[in-house]
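# Coordinates in review
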Amino acid sequence: MTKDINQTPPPSEGAGGKKNWPLWEIFVRSKNGLEHRHFGSLHAADAKMAIENARDVYTRRNEGVSIWVVESKHITASNPEESGELFEPAADKVYRHPTFYELPDELKHM
Amino acid sequence: MSLNTQRNISTNPTPPPSEGAGGRTQYILEIADNSLILGQRLGELCGHGPSLETDIALTNMSLDLFGQVRSYYQYIAQLSEEEKTEDDIAFLRLERDYKNVLLVEQPNTDFGYVITRQYFFDVFHLMLMQQLQYSKDETLSAIAKKGIKEVSYHKRFSGDWVKRLGDGTEESHERVQKAVNDLWPYTNELFEMTETAKAAVEAGIGVEASQLKEAYYKEVSELLREATLEVPESKYFHKGGKHGVHTEHMGYILSDMQFMQRTYPGMKW
Amino acid sequence: MTKHKLKTKNKFPKAPLLGRGVGVRIMSEKEIKNLQQIFEAKIARDEKIEPKDWMPEKYRQTHIRQISQHAHSEIVGMLPEGNWITRAPSLRRKVALLAKIQDEAGHGLYLYSACETLGVSRDELYEQLHTGKAKYSSIFNYPTLTWADMGAIGWLVDGAAIINQVPLCNTSFGPYARAMVRVCKEESFHQRQGYEIMLTLCNGTPEQKEMAQDALNRWWWPSLMMLGPTDDESVHTAQSMKWKLKRKTNDELRQQFIDQTVPQADILGITIPDADLKWNEAEGKYDFGTINWDEFWQVVKGHGPCNKERMSARVNAWNNGEWVRDAAMAYAEKQEAKKVEKAS
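Throughout, residues of each chain are indexed from 1 in the direction in which the sequence is written. Written order determines the labels here, with chains lettered from A and ligands numbered from 1. The predicted nature of this model means local features are confined to residues of pLDDT at least 70 and side-chain atom pairs, given and counted, to a pLDDT of 80 or more, with totals for whole chains, interfaces and linings taken over all residues. Side-chain descriptors were evaluated using all non-hydrogen atoms of the structure, hydrogens and water having been removed beforehand.

## Structural notes on the overall build of chain A
Only DSSP runs of H or I reaching four residues or more are called helices, and only runs of E reaching two or more are called strands; each is numbered from the N terminus. Within chain A one finds 2 helices and 3 strands. Sequence-ordered secondary structure for chain A, helices as α and strands as β, is β-β-α-β-α. Burial status follows relative accessibility: with a 1.4 Å probe on protein chains alone, a residue under 20% of its type maximum counts as buried, one over 50% as exposed, and anything between as partly exposed. Within chain A, the fraction of its 110 residues that count as buried is 35%. Areas reported as accessible are Shrake-Rupley estimates using a 1.4 Å probe. Residue values count occlusion only from the protein chains shown. Carbon and sulfur atoms make up 54% of the accessible area of chain A, which totals about 7300 Å².

Listed below in structure tokens is the structure:
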């Protein structure tokens, strides 16, 4: 079965057709020295609220020292259907890894 | 007057700690009971917030406030020469012995009232904590230092929301303006200096709250204007809370809060 | 970093064949069969399925149903306990209860977010809940009558929930598995909190112990029902096992719950309200009495003691919050416009 994409009814915008708070992706640095990691998402009306909500939702147990928020719609993702051409060509480039190179056993620390 | 001499045994047979007017305990109650009653009001909202995220945020503030309450009451229990626990102090007083301001007992009429009540209190609360950290009483100073961080966040949260509601939609503007008008008359009491408070100031442990007044109204008025709201001009203000004379709401708050302790006296939970 | 929340809603049509995010492509049946095989093989190898990966429509629908049901249970589950926040008998209990209920809100939020990666918005999910189209755990339709119910819910209801939830940390759908890891980590204090309440009551006055027994009497059977209909009545089990949405059958989970809970009741010194409950030495498990499934279905169908109250509390919170949410959006838009104006 195939359908034109436009035939699918768009998700409702909630009662009254009002705009709902957009979705944000939350990245938290657990402690200095570590990178910000994707923690999850939440809804907020604006960036400031997203930070505040993230603080209350994702760092209640002292999990963070820094928060990044980005509205989900601003993230562009690679397409899984293209993952073959995107990622597989890297699989056989073994010469990028140190184990590719044969060195004598007596050589230490290299 | 030296407050260190005020730790005498209560002559009052009722459970509340009443070391006589001017007692350190009484002064602490004037501060702590605000957090108790406001925490209780916020606790009522858990599960009923306008969004899941906001629900979680309100509960966080409630938890901060109850955390402060526990520190204060544990300290009072320690000061008391009778065997007392934080819970005796929280749950076993008569209405007149609760010294919170009337503002914090006002009901959760709608989110506009919740936020306005919070903001009106937070601005004062932060100013108070910022002064209390210099108290000669080390315990109060320590509680205040910890509280500053929590309350700064509360004020940021509530202030942001006043702006959102004030400068949001027509409906939200109207609603929050109504809340501002209705709650405004409860703000002046925050700065009332009771005899207890005056004595605490004299002893170097308390805060001269009346001196915070000008800065308070300046800050609040600025934010209200930024939120496109009108600053009420009312010169009539309510008071009584600091003397234990509360609004009609208080009895209901207490009957809820004290229900278990009153129904099952003397049990451990 | 996984980039999984990236759907624009409209790009997720109901039809399973459409390329996600790259427009429409018509696939032959052979191609679909091929995709299906790759998909099944992935799950069999314990690899995760991520939101933008191809998935059969049934997989998507089943996950939306189960994850949202789970999320709804978390937020409706806040209500019976929320009843007792203002009446909690000590400050220590009050903060623990508040923190626990707040966690439930958080868990609801994680789960709704996981569900949203499947192309359905939280508002739509709420809509389904509010109109009765979506279900939630029927146990939350029972009333919380005494403080001991806070103990019983933590001990029994959270206990049963954990049994259900721990295996889901390894479920096949990535966002659900990740949400569950977080949920399980945070929930570890919930059951202890409940059991501690029960223990305090059972070590207290006769009146308190009676309160604990009464709570056990009322919550025992609903807790058993919470683990779902018996295997022969359960419609989704086989498929769910394959997709690792389930690792054990309802009856297995129920047995596990009973076997672990009976000794806990013994420590409390209260009696499980089942005359047929006895240790079966030969099989190494407890035999137990007949569950009143009529009651279960009655509650599921909306005729439990508190279905109406729970639903109206949720609907009211949502409806009364609408002007607040709208205000925040309007404000955000005004601020954004100001920023643009300034920049130009």
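Moving on from the coordinates now.
## Here's the deal with the overall build of chain B
Within chain B one finds 11 helices and 0 strands. The N-to-C order of helical and strand elements in chain B reads α-α-α-α-α-α-α-α-α-α-α. Expressed along its principal axes, the backbone C-alpha trace of chain B runs to roughly 55 × 40 × 30 Å. Each of the 269 residues in chain B was classed as buried or not, and the buried ones make up 65%. Carbon and sulfur atoms make up 49% of the accessible area of chain B, which totals about 10500 Å². When the 28 basic and 40 acidic side-chain charges of chain B are each reduced to a single mean position, those positions are 4 Å apart. Counted charges follow a simple rule, with Lys and Arg positive, Asp and Glu negative, and His plus the chain ends left uncounted. Here the site of a charge means atom NZ of a Lys, CZ of an Arg, CG of an Asp or CD of a Glu.

## Some points on the environment of F173(C)
Residue and element names in this part refer to chain C. Assignment of secondary structure puts F173 in the loop between α6 (148–165) and α7 (174–202). By relative accessible area, which is 0% here, F173 ends up buried. Expressed as a C-alpha distance, the spacing of F173 and T86, which sit 87 residues apart in the sequence, is 39 Å. Sequence-distant contacts of F173, defined by excluding residues within four places in its chain, comprise I49, E50, P51, M55, Y59, H63, I67, A114, T117 and L118. We call two residues in contact whenever any of their non-hydrogen atoms come within 4.5 Å of each other.

## Some remarks on the nonpolar core
Ranked by size, the top nonpolar core spans 204 residues in total, and within it L42(A), Y72(B), Y73(B), W161(B), Y216(B) and W147(C) carry the most contacts. A per-element tally of this core places helix α2 (residues 52–79) of chain B first, with 15 residues. Each residue touching Y216(B), except ones within four places of it in the same chain, is listed here: F120(B), V123(B), F124(B), M127(B), T187(B), L190(B) and F191(B). In this text, buried Ala, Val, Leu, Ile, Met, Phe, Trp, Tyr and Cys residues form a nonpolar core when linked through side-chain atoms within 4.5 Å.

## Examining the sheet that holds strand β1 (residues 23–29) of chain A
The strand order across the open sheet formed by 3 strands is β2-β1-β3 (chain A), and the pairing between neighbours is antiparallel. Two strands bound the open sheet, and with one partner strand each, they are β2 (36–43) and β3 (66–71) of chain A. Across the sheet, the mean angle from the axis of one strand to that of its neighbour is 25°, orientation sign disregarded. Under this scheme, a helix contributes an axis fitted over its contacting stretch, all axes are lines through C-alpha atoms, and angles between N-to-C directions fall in the 0 to 180 degree range. Against the sheet, helix α4 (residues 91–116) of chain C touches β1 and β2 of chain A, its axis set at about 90° to β2(A). The criterion for strand pairing is that DSSP finds at least two bridges linking the strands in question.

## What about the environment of G77(C)?
All names here are of chain C. Inspection of the secondary structure puts G77 in the loop between α2 (57–76) and α3 (78–82). Using a relative accessible area of 2% as the deciding quantity, one classes G77 as buried. Along the primary structure G77 and E341 are separated by 264 residues, whereas in three dimensions their C-alpha atoms are 46 Å apart. Residue contacts for G77: discarding those within four places in its chain leaves H72, E104 and F140.

## Here we look at the pattern of salt bridges
Only one rule defines a salt bridge in this text: a Lys or Arg side-chain nitrogen within 4 Å of an Asp or Glu carboxyl oxygen. Under the criterion given, the structure shown has 44 salt bridges over all chains. Taking the shortest distance from any N to any O, the salt bridge between E195(B) and K198(B) comes out at 3.5 Å. Of the two residues, E195(B) and K198(B) both sit in helix α8 (residues 195–202), 3 residues apart, roughly one turn of that helix. Taking the relative accessible area as the measure of exposure, K198(B) reaches 40% and is therefore partly exposed. R254(C) is the salt-bridge partner of D251(C), the closest N and O atoms lying 2.8 Å from each other. Of this pair, D251(C) and R254(C) both sit in helix α10 (residues 250–268), 3 residues apart, which is roughly one turn of that helix. The class of D251(C) is partly exposed, set by a relative accessible area of 28%. Via salt bridges that share partners, K48(A), D160(B), K163(B) and E226(B) belong to a single interconnected network.

## Looking at the packing of aromatic side chains
Each Phe, Tyr or Trp ring, with Trp reduced to its six-membered ring, pairs with another whose centre is within 6.5 Å; inter-plane angles below 30 degrees give stacked pairs, above 60 give edge-to-face pairs, and intermediate values give tilted ones. Evaluated as defined, the whole model comprises 28 aromatic pairs over all chains. Members of the aromatic cluster, joined through ring pairs, are F120(B), F121(B), F124(B), W184(B), F191(B), Y216(B) and Y217(B). Charge-over-ring placement is defined geometrically: NZ (Lys) or CZ (Arg) within 6 Å of the ring centre, and within 35 degrees of the ring normal. The ring of Y153(B) has R55(A) lying over it, and the distance from NZ or CZ to the ring centre is 3.4 Å. Against the face of Y98(B) rests R93(B), its NZ or CZ located 4.1 Å from the ring centre.

## Some thoughts on the packing of α2(B) against helix α6 (residues 138–166) of chain B
Residue and element names in this part refer to chain B. It is the contact of α2 with α6, at a shortest axis distance of 11 Å, that shows an interaxial angle of 160°. As judged from the angle between their axes, α2 and α6 are roughly antiparallel. Between α2 and α6 lies a crossing of left-handed hand. Here α2 contributes T54, A57, L58, M61, D64, L65, Q68, S71, Y72 and Y75 to the contact with α6, which in turn contributes T139, L140, I143, G147, E150, V151, H154, F157 and W161. Each residue gets one label: Ala, Val, Leu, Ile, Met, Phe, Trp, Tyr, Cys and Pro are nonpolar, Asp, Glu, Lys and Arg are charged, and the others, such as Gly, are polar. Per-class residue counts for the contact of α2 with α6 are 11 nonpolar, 6 polar and 2 charged. Oblique is the label for every angle not falling under 35 degrees (roughly parallel), over 145 degrees (roughly antiparallel), or within 65 to 115 degrees (roughly perpendicular). Rotating anticlockwise by less than a right angle from the far helix to the near helix defines a left-handed crossing, while the corresponding clockwise rotation defines a right-handed one.

## Considerations on the pairing of β2(A)
Sheet faces and side chains relate simply in a regular strand, where the side chains alternate between the two faces. Residues and elements named next belong to chain A. Where burial is concerned, most of β2 is hidden: 7 out of the 8 residues are buried. Two elements, β1 and β2, share 7 bridges in a ladder whose sense is antiparallel. Within the sheet, the bridge partner assigned to F27 lies in β2 and is H38. Between β1 and the antiparallel strand that follows it, β2, lie 6 residues; G33 among them carries a positive phi value of about 105°.

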